[in-house]
Amino acid sequence: MKDGDNIDIGDKYDKIMKLAVRRGFYWPSYEIYGGVSGFFDLGPLGVRLKNNIVGLWRKVFIELHQDLVVEIETPIIAPEVVFKASGHVESFTDPIVECVRCGRKFRADHLIEAAVNIKTEGLGVDELTRIIRENDIRCPSCQGPLSEVRTFNLLFKTTIGPYSDNVGYLRPEAAQGMFVSFKRVREAMRNRFPIGIAQIGRVSRNEISPRQGMIRLREFTIMEIEFFFDPDDPRCDLLYRVEDRKINILTADMRRKEIQEPQPMKISEAVDDGVIKIPWQAYWMGVSDVFAEALGVDKDNIYFEEKLPHERAHYAQQVFDQMVKVSRWGWIEISGHAYRTDYDLSRHIKFSNQSLEVVKTLDKPMKITEKKIKIDKLKIIERYGGESSKIFRALSKVDPGEIHRYIDSSTGKILIDNIEIDPDIIVVEEHEKEIKTVKFIPHVVEPSFGAERLLYIVLDNSYTEDGERVLLRFKPYIAPIHVAVLPLLENDESMVKIARDIYKKLIANGVSAIYDSSGSIGRRYARADEIGVPYAVTVDHQTIKDGTVTIRLRDDRSQIRIDEKDLISWIRKETEEQLWRYLDNIMV
RNA sequence: GCGGCGGUCGUCUAGCCUGGUCUAGGACGCCGGCCUCCCAAGCCGGCGAUCCCGGGUUCAAAUCCCGGCCGCCGCACCA
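Here is a short report on the structure shown in this document.

What about the overall build of chain A?
Working step 1: When helices and strands are tallied, chain A shows 19 helices and 28 strands.
Working step 2: Taken along its principal axes, the extent of the C-alpha atoms in chain A is 110 × 70 × 55 Å.
Working step 3: Here chain A holds 588 residues, and 49% of them are scored as buried.
Working step 4: Taking the contacts inside chain A whose residues are at least 6 apart along the sequence as the reference set, 68% of them involve residues at least 24 apart.
Working step 5: Surface accessibility of chain A: about 29500 Å² in total, with carbon and sulfur atoms responsible for 48%.
Working step 6: Computing the positive centroid from 86 side-chain charges and the negative centroid from 94, chain A places the two 2 Å apart.

So this is what it looks like as structure tokens:
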């Protein structure tokens, strides 16, 4: 939305909140019991709007990429081991200390690093407490003494089944479901690769103090893709679709130089210059840029901000947040684009003992030299007698190519786990082998969106005041209600009848519509504008004569007259055209 | 979580300081009816708040006091 459309309309956030509550987009949950912060209900219009936003995301990211991306659904609750493997049990935790005097809370590790410059990575709460005591670190705010260090974990904890020691957690991201079921999905998709696995679902994070309405929730809908690719071949064969597109980027380098203005950059340049490390990530960022525009966000109000190392989540090697400007809060994150490397799959391989590698066939067979340890069994038994089995066991652990590492330089003997072995009992044999396939652990780039934030973004970008009137300029393809059907006069039976018939026909054809006959026609237009109905169909005297109706457009109040019979196809065509104005950019 | 400010029909608000006249008033909204040939017109009727929750003071609390919840702002925290 251009600034000119919305000059000085006071606190837009408050107005949107009021409108949302009054007209039924959303409201605070559990209101009659006083409410709980961080939870919101979606009302009738909110559900429709959210479904349309989710639907658009699904269309853009999944349906238009259906040769590449598949959607699955996994549980919200996972056993503890899943989040131990993912690192969330350990790293979704912050060490906190509290000032005994003023009650302020601080990140213990940050406090120590700032006060005495000791590296705190990997230290437990006891060690952190000890460092604070030993260095007499005090409250930076009031110099008061500090409490013991404790941890606060953002995971919601629960138990599974009647056994209280069977700990489970509500997922804070949908990603782990995709990693854990990676093997099954691959099998179901006949080993297609590269592959994106998408999931849309609820996640929970026990935020310390959520504010900002729909922006920071304790429970929300996440929409993410884990896109798996070969780290040795990260080329993206779709990059051409977006390579000429300019996106606004603020890199970590720029941020370190205290540059605050994002720079427009061609996606191809960002890849070639190494600004975005992984071409696939660059592609999804381009798609996300198109997606945000399709939601109605002005290009100037979108940029991608690269996160600094200490800002990144534990699993990520490069992260860009897609930022969108909204009233009151300025720039907020609507999506995160994380290069998660093989971190998650590797961890699940380790914790589950399952193979999650991908096998690829080489373009041409490769010759490798394979080393094998040939053991002189007889000599071992002869020389070591009853100790022989230990020797066999020790030798079996050793990688043949690495055997030289175990040779003790002073004695010349092989030393494995404190067992000494004479070198003459083994021979390392080398022979050439032709291999046609190799195994690798795929790397992952992840675009991840929060649906409720998008809902707010859409409202914030749609909200417009025109004198006394309020209108939501939703793009027609995401509007919760597409058409309002209005008889010009309520006391004219034939108008009412025709209008009712049109209404029935619309809903029978899957067009979301409302029928409104109460009050003056102007009032009804205004009511429809306020909930963002793009098209109002009015049945008037001429309709009775010749079967034509007026379509009144929300944004400029202009009217066109068409034959009632063409109504549905007109609406469909109009809506589709508006959508494809954006989507054409990525389907080239 | 700390500090500041706030919380009265769906919405905006009057009343609170100076307790009783408040069975809480108005406007908008919503519902029904009348009227109306195109942008919140008018008329009639109706709906709707035990004043955020709990406790205390008092003969008497929307009003004074304490605690909690929720919201906004700042700090802290967080993706």
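Here the narrative resumes.
Re the sheet that holds strand 25 (residues 513–515)
Working step 1: In spatial order, the strands read 25-24-26-27-28; together these five strands make up an open sheet with mixed pairing. Looking at strand neighbours, the two that pair on one side only are strand 25 and strand 28 (559–563), the edges of this open sheet. This sheet shows a mean twist of 25° between the axes of neighbouring strands, independent of strand direction.
Working step 2: Here five bridges tie strand 27 (residues 548–553) to strand 28, and the two strands are oriented antiparallel to one another. Bridge pairing in strand 28 places Val-549 opposite Ile-562.
Working step 3: Sitting on the sheet, helix 17 (residues 521–530) is in contact with strand 24 (483–487), strand 26 (535–539), strand 27 and strand 28, with an inclination near 170° to strand 24.
Working step 4: Helix-sheet contacts for helix 19 (residues 567–583) involve strand 24, strand 26, strand 27 and strand 28, and the interaxial angle to strand 26 is about 165°.

As for the sheet that holds strand 12 (residues 246–250)
Working step 1: Taken together, the nine strands give an open sheet; going across it, the order is 3-10-11-21-16-15-14-12-13, and neighbouring strands pair in mixed fashion. With one partner strand each, in any of the chains shown, strand 3 (69–71) and strand 13 (263–266) form the two edges of the open sheet. Neighbour to neighbour, the strand axes of the sheet diverge by 30° on average, direction disregarded.
Working step 2: Of the pairings in the sheet, the one linking strand 16 (residues 330–341) to strand 21 (residues 443–450) comprises six bridges and is antiparallel in character. Bridge pairing in strand 21 places Tyr-339 opposite Val-445.
Working step 3: Packed onto the sheet, helix 15 (residues 451–462) meets strand 10 (195–204), strand 11 (219–229), strand 15 (318–326), strand 16 and strand 21 and runs at close to 50° relative to strand 21.

Overview of the packing of helix 2 (residues 44–62) against helix 15
Working step 1: At a minimum axis separation of 10 Å, helix 2 and helix 15 run at an interaxial angle of 105°. Accordingly, the angle class assigned to the pair helix 2 and helix 15 is roughly perpendicular. In contact with Gly-46, Leu-49, Lys-50, Ile-53 and Val-54 of helix 2, helix 15 contributes Ala-451, Glu-452, Leu-454, Leu-455, Val-458 and Leu-459.
Working step 2: Partitioning the contact of helix 2 with helix 15 into residue classes produces eight nonpolar, one polar and two charged.

So, the side chain of Asn-248
Working step 1: Relative to the helices and strands, Asn-248 is located in strand 12.
Working step 2: Relative accessible area serves as the criterion here: at 16%, Asn-248 is assigned to the buried category.
Working step 3: For Asn-248, the side chain forms a polar contact with the main-chain oxygen of Ile-302, separated by 2.9 Å.
Working step 4: The residues touching Asn-248, leaving out its near neighbours within four places in the chain, are Pro-262, Gln-263, Pro-264, Lys-299, Ile-302, Tyr-303 and Phe-304.

Digging into the packing of aromatic side chains
Working step 1: Under the defined criterion, the tally for this structure stands at 24 aromatic pairs.
Working step 2: Measuring from centroid to centroid gives 5.1 Å for Tyr-283 and Trp-284, while their planes differ by 65°, and the two rings are edge-to-face. The burial state of Tyr-283 is the same as that of Trp-284; both residues are buried.
Working step 3: Through successive ring pairs, a cluster of aromatic residues spans Trp-57, Phe-61, Phe-227, Trp-280, Tyr-283, Trp-284, Phe-291 and Phe-449.
Working step 4: The cationic tip of Arg-552 hangs over the ring face of Tyr-525; the distance from NZ or CZ to the ring centre is 4.5 Å.

Some thoughts on the nonpolar core
Working step 1: Of all hydrophobic cores here, the largest spans 94 residues; its most connected members are Phe-25, Tyr-26, Trp-57, Phe-61, Trp-280 and Trp-284.
Working step 2: In terms of residue count, the dominant contributor to this core is helix 11 (residues 279–294) (10 residues).
Working step 3: Setting aside residues up to four positions removed in sequence, Trp-284 forms contacts with Phe-61, His-65, Val-69, Ile-225, Phe-227, His-337, Val-445 and Pro-447.
Working step 4: If you look at the next biggest cluster of nonpolar residues, it comprises 19 residues, including Ala-499, Ala-513, Ile-551 and Ile-562.

Topic: the side chain of Arg-186
Working step 1: Within the secondary structure, Arg-186 is located in helix 8 (residues 182–188).
Working step 2: The residues touching Arg-186, leaving out its near neighbours within four places in the chain, are Asn-191, Arg-192, Phe-193, Val-358 and Val-359.

Quick look at helix 12 (residues 343–352)
For the α-helix, the turn length of 3.6 residues means that residues three or four positions removed from each other point alike.
Working step 1: Within helix 12, burial applies to Asp-344, Leu-345, Arg-347, His-348 and Ile-349.
Working step 2: Residues of helix 12 that are buried in the fold lie against helix 3 (80–85), helix 7 (175–180), helix 8, strand 11 and strand 16.
Working step 3: Directly after helix 12, the chain includes Asn-353, whose backbone phi takes a positive value near 60°.

Comments concerning the pattern of salt bridges
Working step 1: All told, the structure shown has 37 salt bridges when counted by the stated rule.
Working step 2: Arg-23 is the partner of Glu-530 in a salt bridge, and the nearest nitrogen-oxygen pair spans 2.7 Å. One end of the pair, Glu-530, is in helix 17; the other, Arg-23, is in helix 1 (residues 12–23), with 507 residues separating them in the sequence.
Working step 3: On the basis of relative accessible area, Glu-530 is assigned to the buried category, the value being 13%.
Working step 4: According to the relative accessible area criterion, Arg-23 is partly exposed, its value standing at 25%.
Working step 5: In this structure, Lys-504 and Asp-501 form a salt bridge, with 4.0 Å as the shortest nitrogen-oxygen distance. Remark: Asp-501 and Lys-504 occur in helix 16 (residues 493–508); sequence separation between them is three residues, near one turn of the helix.
Working step 6: On the basis of relative accessibility, which here comes to 36%, the residue Asp-501 falls in the partly exposed class.
Working step 7: Connected via shared salt-bridge partners are Lys-50, Arg-202, Glu-219 and Glu-452.

Observations regarding the environment of Val-89
Working step 1: The topology assignment puts Val-89 in helix 4 (residues 88–91).
Working step 2: The spacing of Val-89 and Tyr-169 is 80 residues in sequence and 9.2 Å in space, taken between C-alpha atoms.
Working step 3: The residues contacting Val-89, other than those within four sequence positions of it, are Glu-80, Phe-83, Lys-84, Asn-153, Leu-155 and Tyr-169.

Some words on unusual backbone geometry
Working step 1: Residue Pro-194 follows Phe-193 across a cis peptide bond; omega there is -5°.
Working step 2: Structurally, Pro-194 can be placed in the loop between helix 8 and strand 10.
Working step 3: For Asp-136, which is not glycine, the phi dihedral falls at a positive 50°.
Working step 4: Along the chain, Asp-136 turns up in the loop between helix 6 (125–134) and strand 7 (150–153).

Calculation notes
Residues numbered from 1 in each chain as written. Chains lettered and ligands numbered in written order. Predicted model: local features only at pLDDT ≥ 70, side-chain atom pairs only at ≥ 80, totals over all residues. Heavy atoms only, no water. Helix = DSSP H or I, 4+ residues; strand = E, 2+ residues; numbered from the N terminus. Buried < 20%, exposed > 50% of the residue type's maximum accessible area, 1.4 Å probe, protein only. Contact = heavy atoms within 4.5 Å. Areas by Shrake-Rupley, 256 points an atom, 1.4 Å probe, with all protein chains shown as cover. Lys, Arg positive; Asp, Glu negative; His and termini not counted. Charge placed at Lys NZ, Arg CZ, Asp CG, Glu CD. Pairing = 2+ DSSP bridges. Axes fitted to C-alpha atoms, helices over the stretch in contact; angles between N-to-C directions. Parallel < 35°, antiparallel > 145°, perpendicular 65-115°, else oblique. Nonpolar A, V, L, I, M, F, W, Y, C, P; charged D, E, K, R; others polar. Polar contact = N/O pair within 3.5 Å; in protein donor to acceptor, adjacent residues only side chain to side chain. Phe/Tyr/Trp six-rings, centres within 6.5 Å; stacked < 30°, edge-to-face > 60°. Lys NZ or Arg CZ within 6 Å of the ring centre and 35° of its normal. Core = buried A, V, L, I, M, F, W, Y, C linked by side-chain atoms within 4.5 Å. Salt bridge = Lys/Arg side-chain N within 4 Å of Asp/Glu carboxyl O.

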